[in-house]
Amino acid sequence: MFSYCVAKDKENEKIYLVSSSLEDINTYCQGNDLEILSRPKYVEPAMVAHHFIWVGKEKRPPIIEISTPYKY
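First, a word on what this report is: a plain description of the structure on this page.

Criteria and cut-off values
Residues numbered from 1 in each chain as written. Predicted model: local features only at pLDDT ≥ 70, side-chain atom pairs only at ≥ 80, totals over all residues. Heavy atoms only, no water. Helix = DSSP H or I, 4+ residues; strand = E, 2+ residues; numbered from the N terminus. Buried < 20%, exposed > 50% of the residue type's maximum accessible area, 1.4 Å probe, protein only. Contact = heavy atoms within 4.5 Å. Areas by Shrake-Rupley, 256 points an atom, 1.4 Å probe, with all protein chains shown as cover. Lys, Arg positive; Asp, Glu negative; His and termini not counted. Charge placed at Lys NZ, Arg CZ, Asp CG, Glu CD. Pairing = 2+ DSSP bridges.

### Focus: the overall build of the chain
Working step 1: Of the regular secondary structure elements, the chain holds two helices and four strands.
Working step 2: Each helix (α) and strand (β) of the chain, taken in turn from the N terminus, gives the series β-β-α-β-α-β.
Working step 3: Its C-alpha atoms put the chain at 45 × 25 × 20 Å along the principal axes.
Working step 4: A buried classification covers 35% of the 72 residues belonging to the chain.
Working step 5: When contacts within the chain are restricted to residue pairs at least 6 apart in sequence, those whose partners lie at least 24 apart make up 51%.
Working step 6: Split by element, the accessible area of the chain, about 5,500 Å² in all, is 54% carbon and sulfur.
Working step 7: Here the chain contributes 9 positive and 10 negative side-chain charges, whose respective centroids are spaced 3 Å apart.

As structure tokens, then:
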């Protein structure tokens, strides 16, 4: 299960975060001086794949990666 977060930086720019735990998101926000605006329970997979930043300790899971075609 993934945890999502919408935060903003000092310039009021929204930043979308995803991780496998809330602790990883909280640590990232504290370390980068981000203010948490909301914690959505569900986000469309296409939105996560295109706009969310992975902040987990482990590698980004393939389920939220965008597959790209191979050029033969």
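### Looking at the pairing of strand β1 (residues 3-8)
Working step 1: For β1, a buried count of five out of six residues is recorded, marking the element as mostly surrounded by other parts of the structure.
Working step 2: Pairing geometry for β1 and strand β2 (residues 14-19), over six bridges, is antiparallel. Paired with Lys8 across the bridge in β2 is Lys14.
Working step 3: In this antiparallel pair of consecutive strands, β1 and β2, the connection spans five residues, and Asn12 shows a positive phi of 65 degrees.
Working step 4: Note: β1 against strand β3 (residues 35-38), three bridges, orientation antiparallel. Paired with Lys8 across the bridge in β3 is Glu35.

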